[in-house]
Amino acid sequence: MDIVTMARKAPLKVRKTSLPPFLSNPFVLALAAVAAVFAVAMGVATLTGGRSGGERAQQAPVQQAAVPPAPPPAPAPPAVKAEPPVQHAAEGPEHAVPEKPAQDKADARPPATTVAMLPPPAPPAQPPVQAPSGNAALWRKNALPADVPPGRPIIAIVIDDMGLDRKRSARMAGLHGPLTLSWLPYARDLSAQSKAARANGHELMLHMPMEPSVKADPGPNALLVSLDKGEIVKRFRAALDSFDGYVGVNNHMGSRFTADRAALAPVLTELHRRGLLWLDSRTTPNSAGIGLAKELKMPWVGRDIFLDNEETVAAVKAQLAKTEQVAKRQGYAVAIGHPHDATIDALASWLPDVQKRGFVLVPVSAVVRTHHAGG
């Protein structure tokens, strides 16, 4: 049999590929299967978990920015301490959470909110009131009409302590004037007494009790340097309201009080506010009255002569003669006396002849108007 015939008759055998010995081991095949499953699981985890992990990574900064740790409060500068509303604005919620909507809300706040938070200003102890000027001033309205010829010296006689001794006060008010009668605010029936004197042709003033530097009683509700400003003004206003129709005020005693500038200042301020004049009795050379009146630009005048330090008719007449000398020298003179018997008698004999000697007897407001007008 030839080779060809043998090839056709022999059965076809499939050539088998032999595997390496370790792959035919069941244990190795099990490990490989486990590894394949693990690899597939890792791939799925990578595909599904990568995106969510990235989103969390992006959200974390936003959450941290939304709730930051509270910063320690910065010390406020001095200007902020002086203005509490500015402190509230600097410490507002828009600065604790820096988000756009919150900033928009802060920007939308009307500025009136901050103004409303300001504390109300403290009211002044005494409201400033402009004193009436010119013919509207009270001292001009209450002034006794007086004709002052140019070039002639004028004399004003002021009588203090009116009202307490009613008999002598009535005698003084019965003299031919014009005189200027200054009434104590605690006198009885003050309104009736003063109106009767005004009807008899005399000008009126208020004689305000003030503290002296010697041991003497100035009277009830006197102005004392130991009082605070509020009590001084309260007492003075009560005295000013005790009657009306007067042109101004002069001091009763007051050598200590008028020398105290701080104590006297609210008194003259109140006078100026009411449009009244100030007559400084000059019971001390240290009085601050005229200096304050000039600063306030209010009407004022000062006493030149005391008539009755010695209560005799001769002594009073001698002082009246000095009053005439002062009037000749400076063009006017202001003399102050009291309702004493000697003073009343001396004036009764002096008044009829004074104008014959070339002088003009005037109320004190005429001296202020012609020589010391200030309001």
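Thoughts on the overall build of the protein chain
In step 1: Helix and strand content of the protein chain: 16 helices and 9 strands.
In step 2: Out of the 375 residues belonging to the protein chain, those deemed buried represent 37%.
In step 3: Look at the contacts in the protein chain between residues 6 or more apart in sequence, and 73% of them connect residues 24 or more apart.
In step 4: As presented, the protein chain carries roughly 22,000 Å² of accessible surface, and 60% of it is formed by carbon and sulfur atoms.

Quick word on the pattern of salt bridges
In step 1: Summed over the entire model, instances satisfying the criterion amount to 15 salt bridges.
In step 2: For the salt bridge of Arg 168 with Asp 341, the shortest nitrogen-to-oxygen distance reads 3.0 Å. Here the residue Arg 168 occupies a position in helix 9 (residues 166-173), and Asp 341 occupies one in helix 15 (residues 341-354), the gap between them amounting to 173 residues.
In step 3: A relative accessible area of 32% places Asp 341 in the partly exposed class.
In step 4: Residues Glu 295 and Arg 261 are paired through a salt bridge, measuring 2.6 Å at the closest nitrogen-oxygen approach. Taken together, the residues Glu 295 in helix 13 (residues 289-296) and Arg 261 in helix 12 (residues 261-274) connect sequence positions 34 residues apart.

Quick notes on unusual backbone geometry
In step 1: Each neighbour pair has its own omega, and for Gly 177 with Pro 178 the value is 10°, a cis peptide bond.
In step 2: Assignment of secondary structure puts Pro 178 in the loop between helix 9 and strand 2 (180-183).
In step 3: Positive phi, normally seen in glycine, also occurs at Asn 221, with a value near 55°.
In step 4: For Lys 297, which is not a glycine, the phi torsion comes out positive at approximately 60°.
In step 5: Residue Lys 297 is classed as exposed on the basis of its relative accessible area of 64%.

Observations regarding the nonpolar core
In step 1: Formed by 56 residues in total, the largest nonpolar core has its most connected members in Ile 157, Met 172, Leu 181, Leu 271, Trp 278, Leu 347 and Trp 350.
In step 2: In this view, Ile 157 contacts Leu 179, Thr 180, Leu 307, Leu 320, Ala 335, Leu 347, Trp 350, Leu 361 and Val 362; residues no more than four positions away in its chain are not counted.
In step 3: Met 205, Val 360, Val 364 and Val 368 belong to the second-largest nonpolar core, a separate cluster that totals 21 residues.

Details of the environment of Ala 321
In step 1: The topology assignment puts Ala 321 in helix 14 (residues 313-330).
In step 2: Take Ala 321: its relative accessible area is 35%, and that puts it in the partly exposed class.
In step 3: Separated by 29 residues in the primary sequence, Ala 321 and Trp 350 place their C-alpha atoms 9.6 Å from one another.

Here's the deal with the confidence of the model for the protein chain
In step 1: Residues at a pLDDT of 70 or more form 65% of the protein chain, whose mean pLDDT is 79.
In step 2: Scored below 50 in pLDDT, residues 1-17 makes 2 contacts in the model with residues more than four places away or belonging to other chains.
In step 3: Low pLDDT, under 50, characterises residues 44-108; the stretch is placed with 21 contacts to residues that sit more than four places away or in other chains.

A few points about the side chain of Thr 180
In step 1: Along the polypeptide, Thr 180 turns up in strand 2.
In step 2: A distance of 3.0 Å separates a polar atom in the side chain of Thr 180 from the backbone nitrogen of Val 364.
In step 3: Apart from the residues within four sequence positions on either side, Thr 180 is in contact with Ile 157, Val 158, Ile 159, Glu 203, Met 205, Pro 363 and Val 364.

So, the pairing of strand 3 (residues 203-210)
In step 1: Burial analysis of strand 3 places 8 of its 8 residues in the buried class, the great majority of the element.
In step 2: In strand 3, alternate side chains face the same way, and those of Glu 203, Met 205, His 207 and Pro 209 on one face and Leu 204, Leu 206, Met 208 and Met 210 on the other are all buried.
In step 3: When strand 2 meets strand 3, the two strands line up parallel, connected through 4 bridges. The residue of strand 3 that forms the bridge with Ser 182 is Met 205.
In step 4: Where the polypeptide runs from strand 2 across helix 10 (residues 190-199) and back to strand 3, its parallel neighbour, the crossover connection is right-handed.
In step 5: By the bridge criterion, 5 bridges tie strand 3 to strand 4 (residues 248-253) in an arrangement that is parallel. By the bridge assignment for strand 4, Leu 206 is matched with Val 249.
In step 6: Crossover connection from strand 3 via helix 11 (residues 229-240) to parallel strand 4: handedness right-handed.

Some thoughts on helix 11
In step 1: With 12 residues, helix 11 ought to run about 16 Å at 1.5 Å a step, and its terminal C-alpha atoms sit 16 Å apart, in line with that.
In step 2: Residues Ile 232, Val 233, Phe 236, Ala 239 and Leu 240 constitute the buried set of helix 11. Projected down its long axis, helix 11 carries its buried residues within an arc of 125°, all on one side. In helix 11, the exposed positions angled more than 90 degrees off the buried face are occupied by Gly 230, Lys 234 and Ala 238.
In step 3: Lining the buried residues of helix 11 we find strand 3, strand 4 and helix 12.
In step 4: Put simply, Asp 228 is the residue that caps the front of helix 11, since its side-chain oxygen is 3.2 Å from the backbone nitrogen of Gly 230.

Here is what the cut-offs are and how they apply
Counting restarts for each chain: residues are numbered from 1 in the order of the written sequence. Only residues with pLDDT of 70 or above have their local features reported here, since the model is predicted, and side-chain atom pairs are shown and tallied only from 80 upward, although totals for entire chains, interfaces and linings are computed over all residues. Working from all heavy atoms in the structure, the side-chain values ignore hydrogens and water. Helix numbering and strand numbering both begin at the N terminus, where a helix is a DSSP run of H or I of at least 4 residues and a strand a DSSP run of E of at least 2. Burial here depends on accessible area, computed with a 1.4 Å probe over protein chains only, as a share of the maximum for the residue type. Under 20% is buried, over 50% is exposed, and the range in between is partly exposed. A contact between two residues is defined here by any heavy atoms of the two lying within 4.5 Å. The accessible surface values rely on the Shrake-Rupley method and a 1.4 Å probe; as for residues, cover is taken only from the protein chains in view. Salt bridges are defined as contacts in which a side-chain nitrogen from Lys or Arg sits within 4 Å of a carboxyl oxygen from Asp or Glu. Nine residue types can take part in a nonpolar core, namely buried Ala, Val, Leu, Ile, Met, Phe, Trp, Tyr and Cys, and a core is a set of them joined through side-chain atoms within 4.5 Å. Confidence of the predictor at the level of single residues is captured by pLDDT, which takes values from 0 to 100. We define a polar contact as two N or O atoms separated by no more than 3.5 Å, with the added condition that, inside protein, one atom must be a possible hydrogen donor and the other a possible acceptor, whereas residues neighbouring each other in sequence contribute only through side-chain atom pairs. DSSP bridges decide pairing: two strands pair if at least two such bridges lie between them. Place the viewer so that the strands point away; then a crossover is right-handed whenever the path from the first strand over the helix to the second strand goes clockwise. Given a helix with a known number of residues, its expected span is that number minus one, times 1.5 Å. Here, the arc refers to the directions that run from the helix axis to the C-beta atoms.

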